[in-house]
2 protein chains.
Amino acid sequence: MNTLPLETTLTDWLNRLQESGYRSTDRCEAIARVILSSQRALDPVEIFDAARAEIPGLGLVTVYRTLQKLEELGLIQRLHQEEGCRRVLPAVKGHQHFLVCSSCGMVRYFEGDNLAPLFEEITRQTGFAIQNHWLQLFGLCPACRAASA
Amino acid sequence: MNTLPLETTLTDWLNRLQESGYRSTDRCEAIARVILSSQRALDPVEIFDAARAEIPGLGLVTVYRTLQKLEELGLIQRLHQEEGCRRVLPAVKGHQHFLVCSSCGMVRYFEGDNLAPLFEEITRQTGFAIQNHWLQLFGLCPACRAASA
DNA sequence: TTTAAAATGAAAATGATTTTCATTTTCGAG
DNA sequence: CTCGAAAATGAAAATCATTTTCATTTTAAA
């Protein structure tokens, strides 16, 4: 897999943090790198464990604090699942949504949803003025699909 | 508002519980009634407070235990929101989804989403075999829309 | 009726997250 | 560079939601 997008995004994240008055630290960078290089959504303890490979003295509290900053800046978001809503992912941009593999947990982003006609229909039916929507899809990723066949 | 659907559903819920080997108690019925008669999604403490109007000695633990049963039977589901995922609602049926008012919290169910074409497009783009989806809409209900105008 | 299984409330336990606090680190001003 | 104020850090304690334990009560079916 090409690592360029990761490097680019990591730099973007670090810039965004700095612009917002946060200071640049090894811990923050390690945590950001863990989140950005994962194919799955990770929970705070998973991030903690992965980041400690790089920063042995890291505290779990720092993970929580860094997640707060990243979430505040809209760089990450939670993945809501039946099992819980603790895992985080790089946030979707614009009209992206994500697709979660129900077998391995891998997440894939996709573009474009034209839900406008559905929303018009709903407004007609209910009188609600729709402002926002969450669409989350679960399915089998190509690898798990192949493995289960 | 017509109370017939509420009575019907309450009876359905109590039957479902009984069929599953759970016993019929005043607390369970009070909790079910609170959930079914609310226009909003409620969290365990809100349910507790409302149900204590009817059953003064009720314990919060009983609310949690009853919610587990109702969730296990698929009668309620959690409402996932930015602020948290603690509130519950009567579960949607079949292809229903719900619409949450971002001002007053009122929830309205609606039918019918034809997302099949979107899913086909996504399968083509990503190779994922889609099994399941969550669609949640946020907007202003007619009353809040009128109030804000 | 009787009785075994289920339900209950109170208190304790658990698990996740946040706060506090003393210490260390970052970074901009000089 | 070097200083110092602001921010970041880790450890321990605090908080908050939820679950478990346990002794007692209630339900429902024989």
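None of these values were measured; they are calculated from a predicted model.

Reading the values: the criteria
Residues numbered from 1 in each chain as written. Chains lettered and ligands numbered in written order. Predicted model: local features only at pLDDT ≥ 70, side-chain atom pairs only at ≥ 80, totals over all residues. Heavy atoms only, no water. Domains from an automatic or database assignment. Contact = heavy atoms within 4.5 Å. Buried area = accessible area lost by both parts, 1.4 Å probe. Core = buried A, V, L, I, M, F, W, Y, C linked by side-chain atoms within 4.5 Å. Buried < 20%, exposed > 50% of the residue type's maximum accessible area, 1.4 Å probe, protein only. Helix = DSSP H or I, 4+ residues; strand = E, 2+ residues; numbered from the N terminus. Pairing = 2+ DSSP bridges. Axes fitted to C-alpha atoms, helices over the stretch in contact; angles between N-to-C directions. Disulfide = S-S within 2.5 Å. 1 Å grid on protein atoms, 1.4 Å probe; cavity = no way out; pocket = protein on both sides within 12 Å on 5 of 7 lines; lining within 4 Å. Points joined across faces, edges and corners; volume = space filled by probe spheres on them. Nonpolar A, V, L, I, M, F, W, Y, C, P; charged D, E, K, R; others polar. Near = heavy atom within 4 Å. Polar contact = N/O pair within 3.5 Å; in protein donor to acceptor, adjacent residues only side chain to side chain. Salt bridge = Lys/Arg side-chain N within 4 Å of Asp/Glu carboxyl O.

Draft legend 1. The arrangement of the domain arrangement of chain A in detail. Residues and elements named next belong to chain A. Domain boundaries assigned for chain A yield domain 1 (4-90) and domain 2 (97-148). The distance between the C-alpha centroids of domain 1 and domain 2 comes to 24 Å. On the side of domain 2, ten residues touch domain 1, which itself brings nine residues to the contact. Carbon and sulfur atoms make up 60% of the area that domain 1 and domain 2 hide from each other, which totals about 750 Å².

Draft legend 2. Highlighting the nonpolar core. Counting 27 residues, the largest nonpolar core has Cys101, Leu115, Leu135 and Leu137 of chain A together with Leu115, Leu135 and Leu137 of chain B as its most contacted members. Broken down by secondary-structure element, the contributors of at least two residues to this core are β3 (97-101), α5 (116-126) and β5 (129-140) of chain A together with β3 (97-101), α5 (116-126) and β5 (129-140) of chain B. Discounting residues that sit within four places of it in the chain, Leu115 of chain B has contacts with Leu115, Leu118 and Leu135 of chain A together with His133 and Leu135 of chain B.

Draft legend 3. Representation of the sheet that holds strand β4 (residues 107-110) of chain B in the model. Here we have six strands laid out as an open sheet, ordered β4(A)-β3(A)-β5(A)-β5(B)-β3(B)-β4(B), and mixed in their pairing. Two strands bound the open sheet, and with one partner strand each, they are β4 (107-110) of chain A together with β4 of chain B. Neighbour to neighbour, the strand axes of the sheet diverge by 25° on average, direction disregarded. Across the sheet, α5 of chain A is in contact with β5 of chain A together with β3, β4 and β5 of chain B; its angle to β4 of chain B comes to roughly 115°. Contacting β3, β4 and β5 of chain A together with β5 of chain B, α5 of chain B crosses the sheet at an angle of about 115° to β4 of chain A.

Draft legend 4. Quick peek at the state of the cysteines. Enumeration over the complete set of coordinates arrives at zero disulfides over all chains. A disulfide-free cysteine, Cys85 of chain B has its sulfur positioned 3.4 Å from the sulfur of Cys85 of chain A, the nearest such atom.

Draft legend 5. Local environment of empty space enclosed by the protein. Residues and elements named next belong to chain B. Tallied over the entire structure, the rule returns one cavity of 30 Å³ or more. Together, Leu14, Leu17, Gln18, Tyr22, Arg23, Ser24, Thr25 and Cys28 line the largest cavity. Here the lining of the largest cavity is built from residues that sort into four nonpolar, three polar and one charged.

Draft legend 6. Broad picture of the protein's contact with DNA strand C. Taken together, 20 residues form the shell around DNA strand C, and within it Arg23 and Tyr64 of chain A together with Arg27, Thr62 and Arg65 of chain B come nearest. Of all DNA strand C atoms lying within 4 Å of any protein atom, the proportion belonging to sugar or phosphate reaches 70%. The contact in question runs from a base oxygen of DNA strand C to an N or O atom on the side chain of Arg23 of chain A, over 2.4 Å. The side chain of Arg23 of chain B places a nitrogen or oxygen atom 2.6 Å from a base nitrogen of DNA strand C. Of the residues in the surface near DNA strand C, the class split is six nonpolar, seven polar and seven charged.

Draft legend 7. Fine view of the protein's contact with DNA strand D. Around DNA strand D there are 20 residues in total, and Arg27, Thr62 and Arg65 of chain A together with Arg23 and Tyr64 of chain B lie nearest to it. Sugar and phosphate atoms form 71% of the subset of DNA strand D atoms that lie within 4 Å of the protein. Within the side chain of Arg86 of chain B, one N or O atom sits 3.5 Å away from a sugar or linking oxygen of DNA strand D. Of all the secondary-structure elements, those providing two or more residues to the surface near DNA strand D are α4 (60-72) of chain A together with α4 (60-72) of chain B. Taken together, the residues of the surface near DNA strand D sort by class into six nonpolar, seven polar and seven charged.

Draft legend 8. Representation of the interface of chain A and chain B. Taken together, the contact pairs 38 residues of chain A with 38 residues of chain B. Both sides of the chain A and chain B interface together cover about 3,300 Å² of buried area, and 67% of this is carbon and sulfur. Seen at the junction of chain A and chain B, the total is zero salt bridges. Our count for the contact surface shared by chain A and chain B stands at 15 residue pairs in polar contact (both at pLDDT 80 or more). Those elements that place two or more of their residues in the side of chain A that touches chain B are β3, β4, α5, β5 and α6 (142-148) of chain A.

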